[in-house]
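# Inside the fold
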Amino acid sequence: MFDLFKIAVRNLMRYKRRTLLTVSLVTVGVVSVLVFISVSGSFKNMMIGQITDSFLGHIQIHKKGYVASIDSLPLTLNLGPNALQKIEKAIKQTPDIEAYAKRIKFGGMFSNFVETTNVRLNGVYPEDEAGTVPLLLSRVREGERTIRTGEILVPELLAKGMKVKVGDTVVVIATNRDGSVNGKQFRVGGILESATGPGGRDGYIHIDDAAEILRMDTIQISEIAIRLKNFDKLQEVFDRLKGELSKELNKQGKPAFEVHTWEKLSPFYNIARMIDVMTFFVKLMLIAIVLISIMNVMVMAVYERVREIGTIAAIGTLPGKIVAMFLIEGFSLGLFGAVVGDILGIAVISVLNVAKVSFNFGRQKGLLLSPGINPQDILLISIIVITISVLASLQPAYKASRMNPIDALRHV
Amino acid sequence: MSLIAAHDLSKTYLKGETRVEALKGLNFGVEPASFVSFVGPSGSGKTTLLNLIGCLDKPTSGILRVDDTDVSTLNTRMAAAFRGRKIGFIFQDFNLIPVLTVYENVGYPLVLVQNTPSSERKQRILALLDAVGMAELRDKYPDQISGGQKQRVAVARALVTKPKLVLADEPTANLDHKTAYMVINIMKKMKNELGTTFIFSTHDQKIVGEAEIVYTLEDGELDGR
Ligand SMILES: Nc1ncnc2c1ncn2[C@@H]1O[C@H](COP(=O)(O)OP(=O)(O)OP(=O)(O)O)[C@@H](O)[C@H]1O
Ligand SMILES: [Mg+2]
């Protein structure tokens with residue numbers, strides 16, 4: 001026959017304009033939040049992707065203390081063959097790792113025979129590097145997208161400043177860990193576009209060349225970068241690797257290695273955090289909008305229906321039922337607003353995708369914004385809206401249930 | 001065994017400094033299946049008394065037993081439950097729920113007060129709508145029917161839970177004479193058919209003639225039959 005929901009919906013239909021207005025307000029709030037979350041989320045993910053895939057990797061492993069003194073790229077903190085073996089064993093035991101790359105990082109002098117300047121270089125295994133940071137070679141603007149022995153990828157600012165071109169011969173001079181100096185000639189194989197963040201302006205050479213300059217008998221790795229199969233498992237994989245590697249202790253009895261996620265290695269993490277904080281405040285605003293508009297409408301509803309409340313209370317409706325009646329009304333308002341908002345929000349996001357909005361980030365131009373929203377976010381927003389709607393109705397509903405029937409019936 | 005028994009029943013309102021003695025030591029009883037009217041001029045205490053009998057308010061002193069329950073022992077919630085089980089109400093302004101149809105208004109107490117199984121509901125509602133002559137208009141909303149029709153629906157609503165007692169405070173005050181008679185006669189018919197006790201208040205002397213037992217209230221005091 002009929003139930004509390006039917007009564008609630010009919011009461012809402014009684015004041016169509018007001019109900020429509022309240023539902024629209026909630027809807028606008030939900031749409032704004034969904035669009036904001038999806039756009040900022042897509043921006044954030046794209047930025048993270050750019051940074052991790054261009055040079056950083058998702059996770060890096062070093063000898064303890066390396067990251068703290070990373071500015072000087074200390075060769076004394078490289079990993080010996082024993083340590084490397086342990087780390088590689090741990091990596092192979094960990095599922096969800098797609099690829100990893102070993103690097104020798106060092107600072108040296110870069111000379112075009114006329115001028116000399118500083119350079120930071122990575123000696124890498126080209127295939128491992130391409131697998132771990134797939135966007136690296138796409139940054140090569142001139143020349144071939146490979147790293148061959150005897151060739152160097154020169155960062156573009158350095159190339160400009162030193163006026164070197166692809167095919168030129170240059171010299172790299174470096175001091176090895178014992179303090180002796182060595183140099184080697186390279187052919188400029190390519191010019192590398194800068195990427196945002198530290199390490200985004202490094203040059204690249206083959207790891208064998210790096211070992212030669214630094215006169216390493218056995219290769220001593222500075223850094224291991226790791227790429228995951230699924231970025232969402234970052235924390236999980238990190239915890240596993242860290243747990244595995246923390247068993248290895250150095251002579252002081254402290255962990256011998258350090259493991260970092262990209263978050264600890266790139267200042268962009270703070271921007272990502274800012275976006276999260278902004279999202280949080282946008283959600284808070286939504287909560288405020290819903291709270292105020294629903295509470296307002298429910299206070300009105302109770303006030304308008306004092307005599308009805310008196311009637312149903314007099315004929316024996318228990319206070320709990322009266323509370324439920326008004327809570328369900330608030331719930332229905334929130335539900336309508338959330339559902340309509342979800343549908344419109346998804347529509348707007350789809351339109352944004354079709355419209356192909358593009359933007360620039362640092363020196364990377366024309367990145368395509370592809371906002372998406374996952375079902376959990378939609379569900380979460382809907383649950384927040386509906387819960388707040390019910391909470392906003394609580395006080396008016398309680399007030400209604402506590403009315404003295406005699407006074408309520410006398411109310412005009 | 002009386003359905004209602006009042007001993008030295010008093011109600012005093014305190015309004016700031018002034019005390020209004022609305023009821024001054026009433027003694028009376030009402031037997032089951034009777035058709036009782038309280039008459040009296042405005043301010044004589046009719047509404048006050050019906051509110052006490054209906055467990056909507058508590059006496060200041062004296063004892064009031066309704067169906068063997070001392071009403072002053074009931075807390076708010078218990079009183080609501082008691083009303084829902086034992087008492088039907090008819091109001092001067094009809095007080096139907098505007099968003100519910102005639103049929104749903106009569107069904108309201110079964111669904112939201114008593115939780116009657118749905119198989120039983122339909123038959124009870126239709127029987128009562130038939131008895132008050134409102135079966136044909138059962139899908140109309142309150143604002144689509146006349147005052148007399150509304151009050152007939154209200155009578156059906158008051159009876160749908162099979163209460164022992166129906167209270168009606170000035171049920172005919174907003175109706176014209178002819179309609180008022182009809183409503184009172186429907187109430188009387190229902191009392192005869194179901195054995196429900198009806199107590200109504202009025203200051204209309206002609207309507208009073210329809211009552212079987214008439215108590216006259218005067219300034220908060222009972223003036224015999
Ligand atoms: N809540 C209240 N506070 C103070 N005084 C009240 C209150 N309710 C009723 N009274 C007073 O109690 C007396 C009896 O009132 P009551 O409403 O019971 O009379 P009544 O017979 O129903 O009158 P009417 O025919 O006008 O409805 C009146 O003097 C009235 O002013
Ligand atoms: Mg009165």
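Refer to the preceding data block for the structure.
Note that the coordinates shown come from a computational prediction; the quantities given were computed from them, not determined experimentally. (Residues numbered from 1 in each chain as written. Chains lettered and ligands numbered in written order. Predicted model: local features only at pLDDT ≥ 70, side-chain atom pairs only at ≥ 80, totals over all residues. Heavy atoms only, no water.)

Now for the overall build of chain B. If you tally the helices and strands in chain B, you get seven helices and ten strands. Principal-axis analysis of the C-alpha atoms gives chain B an extent of 50 × 40 × 35 Å. A total of 225 residues make up chain B; the buried ones form 55% of that total. Long-range contacts, defined as pairs at least 24 residues apart, comprise 72% of the intrachain contacts of chain B with a sequence gap of at least 6. Approximately 9700 Å² of chain B is accessible, and the part contributed by carbon and sulfur atoms is 47%. In chain B, 27 side chains carry a positive charge and 26 a negative one; their mean positions are 6 Å apart. (Helix = DSSP H or I, 4+ residues; strand = E, 2+ residues; numbered from the N terminus. Buried < 20%, exposed > 50% of the residue type's maximum accessible area, 1.4 Å probe, protein only. Contact = heavy atoms within 4.5 Å. Areas by Shrake-Rupley, 256 points an atom, 1.4 Å probe, with all protein chains shown as cover. Lys, Arg positive; Asp, Glu negative; His and termini not counted. Charge placed at Lys NZ, Arg CZ, Asp CG, Glu CD.)

A separate point is the side chain of Arg124 of chain B. All names here are of chain B. On the secondary structure map, Arg124 appears in helix α4 (residues 118-131). Side chain to side chain, Arg124 and Glu120 meet in a polar contact 2.8 Å long. Apart from the residues within four sequence positions on either side, Arg124 is in contact with Leu110, Thr116, Val160, Thr161 and Lys162. (Polar contact = N/O pair within 3.5 Å; in protein donor to acceptor, adjacent residues only side chain to side chain.)

On to the interface of chain A and chain B, then. Interface size, as often reported, equals the accessible area lost upon joining of the parts. Residue-level contacts link 25 residues of chain A with 30 residues of chain B. Carbon and sulfur atoms make up 66% of the area that chain A and chain B hide from each other, which totals about 2400 Å². Along the contact surface separating chain A from chain B lie three salt bridges. When the shortest N-O distance is used, the salt bridge between Lys6 of chain A and Glu104 of chain B registers 3.6 Å. Taken together, the connections running from chain A to chain B amount to eight residue pairs in polar contact (both at pLDDT 80 or more). Going through the elements one at a time, α1 (4-14), α10 (306-314), α11 (319-355) and α13 (405-410) of chain A are the ones with two or more residues in the side of chain A that touches chain B. When the residues that make up the side of chain A that touches chain B are grouped by side-chain class, the tally is 14 nonpolar, five polar and six charged. (Buried area = accessible area lost by both parts, 1.4 Å probe. Salt bridge = Lys/Arg side-chain N within 4 Å of Asp/Glu carboxyl O. Nonpolar A, V, L, I, M, F, W, Y, C, P; charged D, E, K, R; others polar.)

With that out of the way, let us pick up the environment of Met162 of chain A. Among the structural elements, Met162 of chain A can be located in helix α5 (residues 156-162). Ignoring any residue separated from it by four or fewer positions in sequence, one finds Met162 of chain A in contact with Phe110, Ser111, Asn112, Glu115, Thr116 and Thr117 of chain A.

Attention shifts here to the sheet that holds strand β3 (residues 35-39) of chain B. Backbone-to-backbone hydrogen bonds pair the strands of a sheet. The strands run either parallel or antiparallel. Residues and elements named next belong to chain B. Here six strands make up an open sheet; going across it, the order is β6-β7-β8-β3-β9-β10 and the pairing mixed. Looking at strand neighbours, the two that pair on one side only are β6 (87-90) and β10 (221-222), the edges of this open sheet. Against the sheet, helix α2 (residues 76-86) touches β6 and β7 (165-169), its axis set at about 85° to β6. (Pairing = 2+ DSSP bridges. Axes fitted to C-alpha atoms, helices over the stretch in contact; angles between N-to-C directions.)

Looking now at the packing of helix α2 (residues 16-56) of chain A against helix α9 (residues 268-304) of chain A. Residue and element names in this part refer to chain A. Between α2 and α9, the least distance of the axes is 10 Å, while the angle of their chain directions is 170°. By the criterion of interaxial angle, the relationship of α2 to α9 is roughly antiparallel. Residue classes in the contact of α2 with α9 are distributed as 22 nonpolar, five polar and five charged. (Parallel < 35°, antiparallel > 145°, perpendicular 65-115°, else oblique.)

Attention now goes to α1 of chain A. In an α-helix, one full turn covers 3.6 residues, which means residues spaced three or four apart are oriented alike. Of all the positions in α1 of chain A, only Leu4, Ile7, Ala8, Arg10, Asn11 and Leu12 of chain A are classed as buried. Summarising the contacts, the buried residues of α1 of chain A are in contact with α2, α10 and α11 of chain A together with α3 (102-114) of chain B.

If you check the shell around ligand 1, you find 15 residues, and the closest are Ser42, Gly43, Lys46, Thr47 and Thr48 of chain B. In this structure, ligand 1 sits where chains A and B come together, each supplying nearby residues. Interatomic distance of 3.3 Å between a backbone N/O atom of Ser44 of chain B and an oxygen atom of ligand 1. Taking Glu170 of chain B, its side chain carries an N or O atom lying 3.3 Å from an oxygen atom of ligand 1. Protein contact buries 69% of the 630 Å² of open area that ligand 1 shows by itself. (Near = heavy atom within 4 Å.)

In this section: empty space enclosed by the protein. Using the criterion set out here, one finds three cavities of 30 Å³ or more in the structure. Size it by volume and the largest cavity reaches roughly 110 Å³. Ile7, Asn11, Arg305, Glu308, Ile309, Ile312, Met325 and Phe326 of chain A together with Ile97 and Tyr108 of chain B together form the lining of the largest cavity. Elements that contribute at least two residues to the lining of the largest cavity include exactly α1, α10 and α11 of chain A. Considering every element that reaches the lining of the largest cavity, the biggest residue donor is α10 of chain A, with three residues. By residue class, the composition of the lining of the largest cavity is seven nonpolar, one polar and two charged. Here the second largest cavity defines a volume of roughly 70 Å³. What lines the second largest cavity is Ile315 of chain A together with Arg83, Gly84, Ile87, Gly88, Phe89, Pro109, Val113, Arg157, Ala158 and Thr161 of chain B. Looking at the lining of the second largest cavity, the elements that each hand over two or more residues are α2, β6, α3 and α5 (147-159) of chain B. In terms of residue count, β6 of chain B provides more of the lining of the second largest cavity than any other element does, three residues in total. (1 Å grid on protein atoms, 1.4 Å probe; cavity = no way out; pocket = protein on both sides within 12 Å on 5 of 7 lines; lining within 4 Å. Points joined across faces, edges and corners; volume = space filled by probe spheres on them.)

The next point concerns the pairing of strand β10 (residues 257-261) of chain A. All names here are of chain A. Of all the five residues making up β10, five are buried; the element is thus mostly covered by neighbouring parts of the structure. The two faces of β10 match: Phe257, Val259 and Thr261 on one face and Glu258 and His260 on the other face are all buried. Examined bridge by bridge, strand β1 (residues 59-63) and β10 share five bridges and lie antiparallel to one another. Within β10, the position partnered with His62 by the bridge is Glu258.

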